[in-house]
Each structure stands twice: as structure tokens, then as C-alpha cells.
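Understanding the architecture of this molecule
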Amino acid sequence: MSTSIPPAVGGRDHRLDVFRGLALLTIFVNHVPGNIYEALTSRNFGFSDAAEAFVLMSGIAVGLAYARGFRSGDLGKALLRVWRRAGTIYVTHIVTTVFAIAIVAGGILFLDTAELVEKFNFTRLLDRPLSAMVGVPTLGHQLGYFNILPLYFMLLVVSPLYIMIGLRDRWAMIGLAALIWLAAGTFRLNLPNYPNPGGWFFNPLSWQLIYAIGIAAGLSASEGRKLVPFNRRLFYAAAIFLAFALMWIKLRMGALPGRQHLPFFIAGFDKTFLSLPRLLHTLALAYVLTNLAAVSRLLAEPAFRPVALMGQNGLAVFATGSVLSIALQVLRARFETTVLEDTALILGGILLQYAVARFLSETSEKKRRTAALPDLPLAAAVQSQSGIESKPMSAS
């Protein structure tokens, strides 16, 4: 997660992988509410949580991954690459939603957990199934805890526009995103939440701002530059703001000063419209962490390699964690768990997500090694199969 320090030339930024992995682990823990480890996650220490960090880092990753394609001039190929990824996100959301529906339905049928119906936004699937069948594939109807991938899909769809503007002027792109964010908050603009009233839990018109800032940082990093160069005064201001947010949350001081006179998304903590305190807290945290050399050294330690591996395979890890978290919520609703049992469930879920990440990484590495091998002549291949040692061909 780098809004200031670019990644090493020719390699991955290990901090981005680790921070993304930590965000995924945090989301998983928070999606199993009631466990004691919730108190240790980031939302208990400031105005923002892992969702803001995840979207910011997604924007950075998009800027890093797709900038070259748009710079090359082959617009059609560049567009197809981004939208193919968006299609993968969409399919992943639909598949995980189907699994979640089966898990919740199984809980109702076999474990008598009907009290979870409203919590998981499952009601419309029971009383208005036809409408829900329209809402799920069109992304209007989202189950509880399954709201991030629809947001990410929509952001990826519009990414090419932001990348093309950002390649010409980073701050013009951020300015456009800020105007859209301001309009969404002022006029309460949102996408419809069909068949329920209201709009999306993560309003794309608001959350595109932090995503666009991430894209701008990624584009700058792809050029070996910093979007926001280090400035001592800015660093201390960001650190002071983080300390203020920590104090405010820990003392449970409620609404910020001026809340009654300012718009709700300026002085409040609204998540749907990405309120200003949440946005500023995420950016301040990113600026401070990426400008501390000690943090970079710490994250490079071997202990963080499993977390980095999970960050490198973020989509699969996130999908696995989403399904697991719903299953754990259903189980915990039926069976009262102890601290030790919660520990085992959470740790087991994390280990399973790591296993998925490791499997995918090893499979990908084997494919790369296979693709790098030179093609053998047919005769040599036949000899190899028959156990006859082939001799090297002499130069003609």
C-alpha cells in the first residue's frame, strides 16, 4: 500500500502484498462477529477499517498492473484486459453468493438458525424469490457481508477512464473523482438496491474517490515516482491526525464537532458514502506507514511471507474467507462457543485461506516453469519416452 514510496524497479512491492494480506485477514475476523479477536482489528483504533484499505490498495494494484497497456497505445487490448478481470470478479461474486445462500438455507433447515435471515439480508429470497432472482445477478440484491466484490466490479468497469485521465494528469483524475464523491454525498446518489429500498451498502459513486487516489498512486509508482513526496510537516500532521482518531475512538466521544451544522458525509462516520473522516484516516495511515523505513524492513521479515502470499492471491483468499465466515456465523448462532473454540475456528479459517493461496502460487509457478522450457524435437521426445538417451545435435 504505497501512496508515497514507489515499488522497487523490476519487482513487486512486498509492502502492498503484506498490507493486502493483513486487510483480508482483518475482514475475515470482522465477518465473524462476536469473537474476541474483533477487538484487535483496525476499526477499533481509528475512523476507518480494512474495507477502505482494501479499496485503496485495489486502486494501487490496478494502476500498477494496467498502466503499461494503456501507455502502449493498444486501447482495445488494454480495455479487454481490465474488463476480463472485472468479469472474473463478477463470476466470483455470483459463485460465492450461491454458496452463501446454500449455507444460510442449510442453517435454517438443519440448525434452526432462522434468526440470521434478516441479518444476512436473506428475507427477499424467501418472501419475494422472483425479485431476488433478478436482484442477485444484476448486483442490486447483495447478501450481508457480500458487498465488497460488487463494488470492486463496478470500480474495475470504470477503471480505464480513470487510467486514461490519470496518465495525462493525476490530480485532474482525483479532482473529477472528488466532484463525483461530493455530488453523491450532497444529493444522496447511489445505485438501487433492488428489490429492497435504498442503495448499495458500499456506494460506488462515493467509494470511487479512494479507489481513484489508489490508481493515481499506482500510476506514479509504475513510473518510479511518488504521488505525494515525503514532507516532514505533512508526515507529522498525518501522525497527529491518527493519534487524534485513536483517542476519539477509544474514549467513545461520539460525533465530531460541528456534526449538526455540516453534511453527514463531511463530519460523520457514514460508511456507505465514505465520509471524510474515514477517507482522511485511511490516507493518513497509508502516508505514515509507507514513509517509515522500519515498517518496510519489518514487513520484509520471513514471518510476513505467508501474509504476503495471501495478498498476492487476494481474490481467491477473499472468496474463501467470505464463504468460511458465513459458515462460521451459522455454526456460532447454533452452538455457543468458548474462547478456545473461537480461536480454533478463526485460526482454522486463516490456515485454510493460506492453503488456498499456497496451492494457487505453486500451481502458477509450475505453469511458468513449464512454459519456460524449450520445445524438444519430436525424435528426442520419443527417445526420452523409450528410455534412450538422446545426444545433442551437432552444429551444421
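Our next topic: unusual backbone geometry. Going from Tyr194 to Pro195, the amide bond is cis rather than trans, its omega being 5°. Even without being glycine, Asp112 reaches a positive phi, approximately 55°. Mapped onto the elements of the fold, Asp112 is located in the loop between helix 3 (75-110) and helix 4 (116-119). Judged by relative accessible area, Asp112 falls into the exposed class, the value being 61%.

Grouped together as the largest cluster of nonpolar side chains are 69 residues, with contacts concentrated most on Val55, Val62, Leu156, Trp207, Tyr211 and Ile215. Counting residues per element, this core draws most heavily on helix 2 (residues 50-72), which supplies 12 residues. Not counting the four nearest positions on each side in its chain, Tyr211 is found in contact with Val55, Ser58, Gly59, Val62, Tyr152, Leu155, Leu156 and Ser159.

Quick look at a nonpolar patch on the surface now. A cluster of nonpolar side chains, namely Phe244, Met247, Leu251 and Met253, defines an oily patch on the protein surface of about 360 Å² accessible area. Here Phe244 is to be found in helix 10 (residues 232-250).

Below, the discussion takes up helix 8 (residues 170-187). Since the α-helix advances by 3.6 residues per turn, residues separated by three or four positions end up pointing in the same direction. A rise of 1.5 Å per residue sets the reference length of helix 8, with its 18 residues, at 26 Å; its end C-alpha atoms lie 26 Å apart and thus fit the reference within 8%. Of all the residues in helix 8, the buried ones are Arg170, Met173, Ile174, Ala177, Trp181, Ala184 and Gly185. Down the axis, helix 8 shows its buried residues gathered within 105° of arc, on one side only. The outward face of helix 8, more than 90 degrees from its buried face, is lined by the exposed residues Trp171, Leu179 and Phe187. Structurally, helix 8 contributes buried residues whose contacts are with helix 2, helix 7 (148-168), helix 9 (204-222), helix 11 (264-267) and helix 12 (276-290). For helix 8, the N-terminal cap is Asp169; the gap from its side-chain oxygen to the backbone nitrogen of Trp171 is 3.0 Å. Within two residues after helix 8, Arg188 carries a phi angle of roughly 50°, on the positive side.

Quick look at the packing of aromatic side chains now. Under the criterion given, the structure shown has 16 aromatic pairs. With a centroid separation of 6.0 Å and 70° between ring planes, the pair formed by Phe47 and Phe241 is classed as edge-to-face. Here Phe47, found in the loop between helix 1 (14-30) and helix 2, pairs with Phe241, found in helix 10; they are 194 residues apart in sequence, far enough to count as distant. Exposure remark for Phe47: the relative accessible area of 4% places this residue in the buried category. By relative accessible area, Phe241 is classed as partly exposed at 22%. Among the aromatic residues, those joined into a ring-pair cluster are Phe47, Phe241, Phe244, Trp248 and Phe269. One residue, Arg188, lies across the ring of Phe264, its end atom 3.9 Å from the ring centre.

Conventions adopted
- Residues numbered from 1 in each chain as written.
- Predicted model: local features only at pLDDT ≥ 70, side-chain atom pairs only at ≥ 80, totals over all residues.
- Heavy atoms only, no water.
- Helix = DSSP H or I, 4+ residues; strand = E, 2+ residues; numbered from the N terminus.
- Buried < 20%, exposed > 50% of the residue type's maximum accessible area, 1.4 Å probe, protein only.
- Core = buried A, V, L, I, M, F, W, Y, C linked by side-chain atoms within 4.5 Å.
- Contact = heavy atoms within 4.5 Å.
- Patch = residues over 30% accessible without salt bridge, like charges linked within 9 Å, V, L, I, M, F, W, Y side chains within 5 Å.
- Areas by Shrake-Rupley, 256 points an atom, 1.4 Å probe, with all protein chains shown as cover.
- Salt bridge = Lys/Arg side-chain N within 4 Å of Asp/Glu carboxyl O.
- Expected span 1.5 Å × (residues − 1).
- Arc of directions from axis to C-beta.
- Polar contact = N/O pair within 3.5 Å; in protein donor to acceptor, adjacent residues only side chain to side chain.
- Phe/Tyr/Trp six-rings, centres within 6.5 Å; stacked < 30°, edge-to-face > 60°.
- Lys NZ or Arg CZ within 6 Å of the ring centre and 35° of its normal.

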